[in-house]
Amino acid sequence: MTITETPTQETGHGSHRLTTAKAMVEAIELEMERDPSVFYLGEDVGPYGGIFSSTAGLQERFGKDRVIDTPISESAFIGLAIGAAVEGMRPIAELMFADFMGVCLDQIYNHMAKIHFESGGNVKVPMVLTTAVGGGYSDGAQHSQCLWGTFAHLPGMKVVVPSNPYDAKGLMISAIRDDNPVVYMFHKGVMGLPWMVKNPRATGDVPDGPYSVPIGEAAVVREGSDATVVTLSLSVHHALDAAESLAGQGIDAEVIDLRSLVPLDRETILRSVSKTGRLVVVDEDYQSFGLSGEVSATITDVDPSMLRSPVARVCNPDTPVPYAHALEYAVLPRQDRIEAAIHRVVRA
Amino acid sequence: MSTTAHDTPQSLALDPATRLALYRTMVLARTFEEAVLREYHADKGPGFDIGKGLVPGEMHLAAGQEPVAAGVCAHLTGDDAVTATHRPHHFAIAHGVDLDKMTAEIFGRETGLGRGRGGHMHLFDPTVHFSCSGIIAEGYPPALGQAYAFKQKGTGRVAVAVTGEGAANQGAFHESLNLAALWQLPVVFVVEDNDWAISVPRDASTSVPSNASRGAAYNMPAERVENDVEAIYAAADRAVARARAGQGPTLLEVHTVRLWGHFEGDAQGYRPELADVPSMDPIPRYEQRLRDEGVLDDAVIARTRQEAQARVEQAIAFAKDSPVPDPATASSYVFS
Ligand SMILES: Cc1ncc(C[n+]2csc(CCOP(=O)(O)OP(=O)(O)O)c2C)c(N)n1
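The structure displayed is predicted, hence computed values, not measured ones. (Residues numbered from 1 in each chain as written. Chains lettered and ligands numbered in written order. Predicted model: local features only at pLDDT ≥ 70, side-chain atom pairs only at ≥ 80, totals over all residues. Heavy atoms only, no water.)

A.B. asks: Whenever I open this one, helix 7 (residues 165–177) of chain A confuses me. Can you help?
C.D. replies: Residues separated by three or four positions in an α-helix point in the same direction, a consequence of the helix having 3.6 residues per turn. Residue and element names in this part refer to chain A. The first and last C-alpha atoms of helix 7 sit 19 Å apart over 13 residues, in line with the 18 Å expected at 1.5 Å per residue. Burial within helix 7 is extensive, with 11 of its 13 residues counted as buried. Those residues of helix 7 that sit buried are Pro165, Asp167, Ala168, Lys169, Gly170, Leu171, Met172, Ile173, Ser174, Ala175 and Ile176. Between the side-chain oxygen at the start of helix 7 and the backbone nitrogen of tyrosine 166 there is a gap of 3.1 Å, and the oxygen is on asparagine 164. (Helix = DSSP H or I, 4+ residues; strand = E, 2+ residues; numbered from the N terminus. Expected span 1.5 Å × (residues − 1). Buried < 20%, exposed > 50% of the residue type's maximum accessible area, 1.4 Å probe, protein only. Polar contact = N/O pair within 3.5 Å; in protein donor to acceptor, adjacent residues only side chain to side chain.)

Listed below in structure tokens is the structure:
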């Protein structure tokens, strides 16, 4: 039994305020203390503390053998993590940006994700692949993608995407303890970094001590009766902003934070849409062949008559993320596009 | 442009005009980056918000590495190809990329090289066969293809591919060296060893003290030179001559210096030698040398700087005066 099958447990009684980045680090720290087989490796994860602060202070605490700066050799060090996991360790390997998956994809989808299957269940790969996703700050087409749909499309790895500090810590603990490979994708815009636009929800209360958020359970982050907005990651914040703004106009939107793509919590989606009859899917990843189609099919596979209006999708329109600010904002699913989509499904 | 063989491996006796041209290229590149630095930071406050301002996003500047670009590109014409890295400006300038359009691209304008779609890590100027990539070492394989095309056409043109010493630990680097040597492609592989891959020092990333020794693994001539523009010029002369003569690829590593952070906003707390870094600036050093040897005087220096300043300010003005792209066209150019 893996931790994901156990209910959420909170051992501490108090809580403290953390950014998402610090919540991630706290989870890793707790697990490294608890389990000597956990180690972290990646580019600039040592003294730098991770380009997106995903490992701040960890090398000082655990030394260079457990928090390892690697050469820029993603195939080699992600493959190394796979081998170590096969031998019973619990590595966390960081791919600095999800956009770089191309240089090491074979290790990820042919090895990390398939070994358990190919071995007929005899070999486990209990590792975590962490990676930063998302745009919004003009970093251009090779540094701004989400690509979680690609990881989720390829079978054999769980894919989690926290949107806030509480989930970031709980999902990280679940991911480390999971006996499967888990891809843990964090959006730069929810990390609470001092050098990015400040998102107020990027800081929040986090329980002391270890606790887990089960992988595969979506959260209803706002209850509503008129339309269901299904989304994840930074888009949760935009969707909540849109819902708050529409509340003033008498439209009551429910917002679901998926928290993981694999497994996908279809139950929660179905339950909500059976109540509201309307669905908007918001996805910062490319629209075609991705999450939005999958979530829509979740409804139509079961009972299309649940829908009172056609599904609206607010996604990246299959365009590489442009550099220029105005162009980038035109392709990103932001509050205005989400609001318009909710209007559309409610009025239809 | 000299393409003859030399018995003196260290340097060539350069004429004053060539030396002045090398100096000018370096000054123009530095002046440009100082201006970008100024514009980049101008409106990121309060604090530092990377997504704000006229030039948002990551910014990797190459101050200190100008001798590499100047020394190598002095042997190239616009018919030769250069694939640069995520730190591309010095190579772009030395290779003759249109400065106005490049600046406009960095400012995300419709008049930019990529109509504002690419940004500073993705500069493409087909008129001089220039490109660069944000995914490190991934510019090496396309350079092979350019070299292959040049070889097929029998033109004596060459492709120059640039990486950092950190990127030289990527598979694409090694696969490219092997293939180029195997097929005797006219490529010059340039490694800019500035000692650091973001925060990771060379000795923590690379199993050999010098990438030049890796040439042996691929049966390829290789050399390592210091950050001296004339030594680089001489080494590049040999490498380019070999490529043009159909003698295959060369690996040229320059031990250079990154004067500023990996990207703007990098406090460089990981860098113990930080206090000494300004003294490693190659431009004042070369200036002094040329002054001592009577090639430069105060007047020439002042004029060179003024010309560079004027050229750069013109490019910045061009960028600022250019229209931003229409958001309605955000999905243009995905297909031709
Ligand atoms: C495949 C890939 N991995 C990681 C990165 C992130 N990254 C960008 S630059 C860089 C360091 C590159 O160091 P080096 O090659 O020495 O060049 P320098 O930055 O020093 O010029 C890293 C790790 C990337 N862009 N692409």
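A.B. asks: Looking at this model, I keep getting lost on the site of the ligand. Mind explaining?
C.D. replies: Taken together, 21 residues lie around the ligand, and Glu74(A), His86(B), Arg87(B), Gly134(B) and Asn194(B) are the ones closest in. Chains contributing residues to the immediate surroundings of the ligand are chains A and B. Between the ligand and the protein, one listed contact pairs a nitrogen atom with a backbone N or O atom of Gly134(B) at 2.7 Å. In the model, a nitrogen atom of the ligand is placed 3.1 Å from a nitrogen or oxygen of the Ile136(B) main chain. The cavity where the ligand resides is the largest cavity. (Near = heavy atom within 4 Å. 1 Å grid on protein atoms, 1.4 Å probe; cavity = no way out; pocket = protein on both sides within 12 Å on 5 of 7 lines; lining within 4 Å. Sits in = over half its atoms within 2 Å of the grid points.)

A.B. asks: Where do I start with the side chain of Arg222(A) in this structure?
C.D. replies: All names here are of chain A. On the secondary structure map, arginine 222 appears in strand 9 (residues 219–222). A relative accessible area of 13% means that arginine 222 is categorised as buried. Of the polar contacts made by the side chain of arginine 222, one reaches the side chain of aspartate 252; its length is 3.1 Å. In this structure, arginine 222 is in contact with Leu240, Ala243, Glu244, Ala247, Asp252, Ala253, Glu254 and Val255, ignoring residues within four places of it in sequence. (Contact = heavy atoms within 4.5 Å.)

A.B. asks: What am I meant to see in the layout of surface pockets here?
C.D. replies: Over the atoms, a rolling probe the size of a water molecule traces out where space has been left empty. Considered as a void within the structure, the largest pocket measures approximately 370 Å³ in volume. Lining the largest pocket are 23 residues, with Val197(A), Leu234(A), His238(A), Tyr329(A) and Arg334(A) sitting closest to its centre. At the level of elements, helix 8 (234–247) and helix 11 (325–331) of chain A are the ones that each hand at least two residues to the lining of the largest pocket. A per-element tally of the lining of the largest pocket places helix 8 of chain A first, with 4 residues. Residues from two domains meet in the lining of the largest pocket; each of domain 1 (16–207) and domain 2 (219–347) of chain A gives at least three. Counted as a void, the second largest pocket has a volume near 290 Å³. In terms of lining, the second largest pocket is formed by 21 residues, of which the most central are Tyr48(A), Trp195(A), Phe263(B), Gly265(B) and Asp266(B). The residue makeup of the lining of the second largest pocket, split by class, is 12 nonpolar, 5 polar and 4 charged. (Points joined across faces, edges and corners; volume = space filled by probe spheres on them. Domains from an automatic or database assignment. Nonpolar A, V, L, I, M, F, W, Y, C, P; charged D, E, K, R; others polar.)

A.B. asks: Just to check I follow, could you spell out the sheet that holds strand 11 (residues 253–257) of chain A for this structure?
C.D. replies: Hydrogen bonding along the main chain pairs the strands of a sheet, whether they run parallel or antiparallel. Residues and elements named next belong to chain A. Strand order in the open sheet formed by 5 strands is 9-11-10-13-14, with mixed pairing between adjacent strands. Every interior strand has two partners, whereas the edge strands, strand 9 and strand 14 (312–316), have only one. On average, adjacent strands in this sheet sit at an angle of 25° to one another, irrespective of strand direction. Bridge count for strand 10 (residues 227–231) against strand 13 (residues 279–286) is 3 bridges, and the pairing is parallel. Within strand 13, the position partnered with threonine 228 by the bridge is leucine 279. The sheet strands contacting helix 8 are strand 9, strand 10, strand 11 and strand 13, and the helix crosses strand 9 at an angle near 40°. (Pairing = 2+ DSSP bridges. Axes fitted to C-alpha atoms, helices over the stretch in contact; angles between N-to-C directions.)

A.B. asks: How do you make sense of empty space enclosed by the protein when you look at a structure like this?
C.D. replies: Applying the stated criterion across every chain yields a total of 4 cavities of 30 Å³ or more. Quantified by volume, the largest cavity comes out at close to 460 Å³. Lining the largest cavity are 34 residues, with Ile72(A), His86(B), Ile136(B), Ile198(B) and His262(B) sitting closest to its centre. Within the residue set of the lining of the largest cavity, elements represented by two or more residues are strand 4 (90–97) of chain A together with strand 3 (159–164) and strand 5 (196–197) of chain B. Of the volumes computed, that of the second largest cavity is approximately 70 Å³. For the second largest cavity, the lining is made up of 13 residues, of which Ala84(B), Thr85(B), Ile136(B), Ala137(B) and Val162(B) are closest to its centre. When residues of the lining of the second largest cavity are assigned to their parent elements, the largest contribution, 3 residues, is made by strand 3 of chain B. Of the residues that constitute the lining of the second largest cavity, the class distribution is 6 nonpolar, 6 polar and 1 charged.

A.B. asks: It is not clear to me how helix 2 (residues 66–73) of chain B should be interpreted in this structure. Could you clarify?
C.D. replies: Of all 8 residues in helix 2 of chain B, 8 are buried, a share of seventy percent or more. For helix 2 of chain B, the set of buried residues is Glu66(B), Pro67(B), Val68(B), Ala69(B), Ala70(B), Gly71(B), Val72(B) and Cys73(B).

A.B. asks: Before we go on, may I ask you to explain the side chain of Thr85(B) in this structure?
C.D. replies: Inspection of the secondary structure assignment puts Thr85(B) in the loop between strand 1 (81–84) and helix 3 (89–94). In this structure the side chain of Thr85(B) is engaged in a polar contact, spanning 2.8 Å, whose partner is the backbone nitrogen of Arg87(B).

A.B. asks: In this structure, what is going on with the domain arrangement of chain A? I would like to understand it.
C.D. replies: Interface size is often expressed as the accessible area that is lost when the parts come together. Residues and elements named next belong to chain A. When cut into domains, chain A gives domain 1 (16–207) and domain 2 (219–347). The C-alpha-based centres of domain 1 and domain 2 are spaced at 26 Å. Carbon and sulfur atoms make up 54% of the surface buried where domain 1 meets domain 2, a total of about 2,300 Å² over both sides. Across the pair aspartate 241 and arginine 201 runs a salt bridge whose closest N-O atoms are separated by 2.7 Å. Our count for the contact surface shared by domain 1 and domain 2 stands at 19 residue pairs in polar contact (both at pLDDT 80 or more). At the level of secondary structure, the elements contributing two or more residues to the side of domain 1 that touches domain 2 comprise helix 6 (148–153), strand 6 (158–160) and helix 7. In terms of residues, the side of domain 1 that touches domain 2 owes the most to one element, helix 6, which gives 4 residues. Class assignment for the residues of the side of domain 1 that touches domain 2 results in 13 nonpolar, 14 polar and 3 charged. (Buried area = accessible area lost by both parts, 1.4 Å probe. Salt bridge = Lys/Arg side-chain N within 4 Å of Asp/Glu carboxyl O.)

A.B. asks: What should I look at first to understand the pattern of salt bridges in this one?
C.D. replies: When charged atoms on two side chains of opposite charge get close, those side chains can pair. A complete count under the given rule lists 36 salt bridges over all chains for this structure. With a shortest N-O distance of 2.8 Å, Lys158(A) and Asp178(A) are connected by a salt bridge. One end of the pair, Lys158(A), is in strand 6; the other, Asp178(A), is in the loop between helix 7 and strand 7 (182–187), and 20 residues separate them in sequence. Residue Lys158(A) is classed as buried on the basis of its relative accessible area, which comes to 15%. Here Asp100(B) ties to Arg311(B) by a salt bridge, and the two come within 3.2 Å at their closest N and O atoms. Taken together, the residues span a long stretch of sequence, with Asp100(B) in helix 4 (residues 99–106) and Arg311(B) in helix 9 (residues 298–321) at a distance of 211 residues.

A.B. asks: Could you clarify how one ought to interpret the packing of aromatic side chains in this entry?
C.D. replies: Each aromatic ring pair is summarised here by two numbers: the centre-to-centre distance and the angle between the ring planes. As enumerated under the stated definition, the model contains 9 aromatic pairs over all chains in all. A connected cluster of aromatic rings, assembled from ring pairs, spans Phe52(A), Phe97(A), Phe100(A) and Trp195(A). (Phe/Tyr/Trp six-rings, centres within 6.5 Å; stacked < 30°, edge-to-face > 60°.)

A.B. asks: Looking at this model, I keep getting lost on the pairing of strand 2 (residues 38–42) of chain A. Mind explaining?
C.D. replies: Regular strands show a simple pattern: their side chains alternate between the two faces of the sheet. Residues and elements named next belong to chain A. Judged by how many residues are buried, strand 2 sits mostly within the fold: 5 of 5 residues are covered. Every second residue of strand 2 is oriented toward a common face, with Val38, Tyr40 and Gly42 on one face and Phe39 and Leu41 on the other, all of them buried. Of the pairings in the sheet, the one linking strand 2 to strand 4 comprises 5 bridges and is parallel in character. Paired with glycine 42 across the bridge in strand 4 is glutamate 94. Pairing geometry for strand 2 and strand 3 (residues 67–69), over 3 bridges, is parallel.

A.B. asks: How do you make sense of the sheet that holds strand 8 (residues 250–255) of chain B when you look at a structure like this?
C.D. replies: All names here are of chain B. With respect to topology, 6 strands assemble into an open sheet ordered 2-1-3-4-8-7, the strand pairing being parallel. Two strands lie at the open edges of the sheet, namely strand 2 (130–132) and strand 7 (222–226), each paired on one side alone. On average, each strand axis in the sheet is inclined to that of its neighbour by 20°, with strand direction left out of account. Along the sheet face, helix 2 touches strand 1, strand 3, strand 4 (187–193) and strand 8 and points at about 165° away from the line of strand 4. In the packing of helix 6 (residues 171–182) onto the sheet, the strands contacted are strand 3, strand 4 and strand 8, and the crossing angle to strand 4 comes to about 150°.

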